[in-house]
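Residue-level listing of the chains:
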Amino acid sequence: MVSLIIGHKGSGKTKILVDNVNDAVEKSNGNVICVEKETKLTYDVSHRARLVSTDSYSVSGFDAFYGFLSGLCAGDHDITDILVDATFRIGGRDYEALADFLKKVDELAKITDTHFTFTISTDLENLPERMFEYCKKIN
């Protein structure tokens, strides 16, 4: 399953994401990963969640981002949740490419039985409608 936290900059998306990370850690019988562009959430998320910075691995663009997420899932079959902050800052600000990326992530989620959550910094009406065939808005 793919969930989206959507809103413009400063609308509290990261706070919602941090709460979701900490909730997932409490409920999960496996591993929870929080992915961010830079290391900023070190003191906000539970120490039991693995915090990963995409800058540390030179991840840029949606294709590289998908490969990165696939690699995380391939390397650890116990991952139950992957939560991502600053999706556009990692993948780029192309709405159609975002929709294609999320479709692939939805397929990955089904294969690996992993729940993905992404923060999306834009207004809802800017996003392609087709995304909501395989993604759900949670805020």
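See the structure shown above.
In this report, we go over the structure that sits alongside the text. Model, not experiment: these values are computed from the prediction.

**A short note on the packing of aromatic side chains**
Summed over the entire model, instances satisfying the criterion amount to 7 aromatic pairs. The interplanar angle of 75 degrees and the centroid separation of 5.5 Å between the aromatic rings of phenylalanine 88 and tyrosine 95 together place this pair among those described as edge-to-face. Geometrically, the ring pair formed by phenylalanine 101 and phenylalanine 118 is edge-to-face, given 5.7 Å between the ring centres and 80 degrees between the ring planes. With a gap of 17 residues between them, phenylalanine 101 in helix α4 (residues 95–112) and phenylalanine 118 in strand β5 (residues 115–121) connect regions that are remote in the sequence. A single burial state applies to phenylalanine 101 and to phenylalanine 118, both of which are buried. In this structure an aromatic cluster arises from ring pairing among Phe62, Phe65, Phe101, Phe116 and Phe118. Cation over ring: lysine 104 sits above tyrosine 66, and NZ or CZ is 4.6 Å from the ring centre.

Basis of the calculations
Residues numbered from 1 in each chain as written. Predicted model: local features only at pLDDT ≥ 70, side-chain atom pairs only at ≥ 80, totals over all residues. Heavy atoms only, no water. Phe/Tyr/Trp six-rings, centres within 6.5 Å; stacked < 30°, edge-to-face > 60°. Helix = DSSP H or I, 4+ residues; strand = E, 2+ residues; numbered from the N terminus. Buried < 20%, exposed > 50% of the residue type's maximum accessible area, 1.4 Å probe, protein only. Lys NZ or Arg CZ within 6 Å of the ring centre and 35° of its normal.

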